[in-house]
Structure formats: structure tokens, C-alpha cells
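So the chains spell out like this:
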Amino acid sequence: TGQTIFDYLLEFRIDMAKKLLKDPDSKVAVVSEKVGYTNKSYFCLAFKKQVGMTPAEFKNKAII
């Protein structure tokens, strides 16, 4: 794949989080735990670095 295992896992987790955040009833804290992050703040930082927006911004944009 040309990626390190860390980069692959990060991409996989963020992709799964994006799918879960499209559900209008989903909560960011619950999604972060479901994709393997025990610290919501760290999840938000990683998500923003990968996607360019916070999970809450992504969720609001996906629902509209």
C-alpha cells in the first residue's frame, strides 16, 4: 500500500468515523470510542488533521 501500519490504521479509523458520523443520531464521543480512540480530544485532533474539519463540522455538513 505504500503506507506505514500507523498511517493505514489512522486512515481506516477516520473512514469508519466518517460513515458513523453521517447518522443524525450519532455523538462524536461515541463514534470516537467505536473507532478505537479512548480520548475524544485526540480523536478530534486526528480527524481534523486528516479531513480538514472537526468531526462536529463534518457531521453538520453531512446531514445538510
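Everything below is about the structure printed above this text.
Just so it is clear, the structure is predicted and the values come from calculations on it, not from any experiment.

Conventions we followed
- Residues numbered from 1 in each chain as written.
- Predicted model: local features only at pLDDT ≥ 70, side-chain atom pairs only at ≥ 80, totals over all residues.
- Heavy atoms only, no water.
- Helix = DSSP H or I, 4+ residues; strand = E, 2+ residues; numbered from the N terminus.
- Expected span 1.5 Å × (residues − 1).
- Contact = heavy atoms within 4.5 Å.
- Polar contact = N/O pair within 3.5 Å; in protein donor to acceptor, adjacent residues only side chain to side chain.
- Patch = residues over 30% accessible without salt bridge, like charges linked within 9 Å, V, L, I, M, F, W, Y side chains within 5 Å.
- Areas by Shrake-Rupley, 256 points an atom, 1.4 Å probe, with all protein chains shown as cover.
- Salt bridge = Lys/Arg side-chain N within 4 Å of Asp/Glu carboxyl O.
- Buried < 20%, exposed > 50% of the residue type's maximum accessible area, 1.4 Å probe, protein only.
- Core = buried A, V, L, I, M, F, W, Y, C linked by side-chain atoms within 4.5 Å.

Engineer: Kindly report on helix α3 (residues 40–51), identifying the contributing residues and their values.
Structural biologist: Taking 1.5 Å of rise per residue, 12 residues should cover 16 Å, and α3 covers 16 Å from first to last C-alpha, within 8% of that figure. Looking at the buried side of α3, the elements it contacts are α1 (5–21), α2 (28–34) and α4 (55–63). Put simply, Asn-39 is the residue that caps the front of α3, since its side-chain oxygen is 2.9 Å from the backbone nitrogen of Ser-41.

Engineer: Tell me about a nonpolar patch on the surface, and name the residues and values.
Structural biologist: Among the surface-exposed residues, Ile-5, Phe-6, Tyr-8, Leu-9, Phe-12, Met-16 and Tyr-42 lie close enough to one another that they form a single nonpolar patch of about 750 Å² accessible area. Looking at the secondary structure, you find Phe-6 in helix α1. With relative accessibility at 55%, the residue Phe-6 sits in the exposed group.

Engineer: Could you give an account of the nonpolar core, naming the residues involved and the relevant values?
Structural biologist: The biggest cluster of nonpolar side chains holds 13 residues, and the ones touching the most others in it are Ala-17, Leu-21, Tyr-37, Phe-43 and Phe-47. Contributing elements (two or more residues each) for this core: α1, α2 and α3. Ranked by residue count, the leading element in this core is α1, at four residues. Excluding residues within four positions of it along the chain, Leu-21 makes contact with Ser-26, Val-28, Val-31, Phe-47, Pro-55, Phe-58 and Lys-59.

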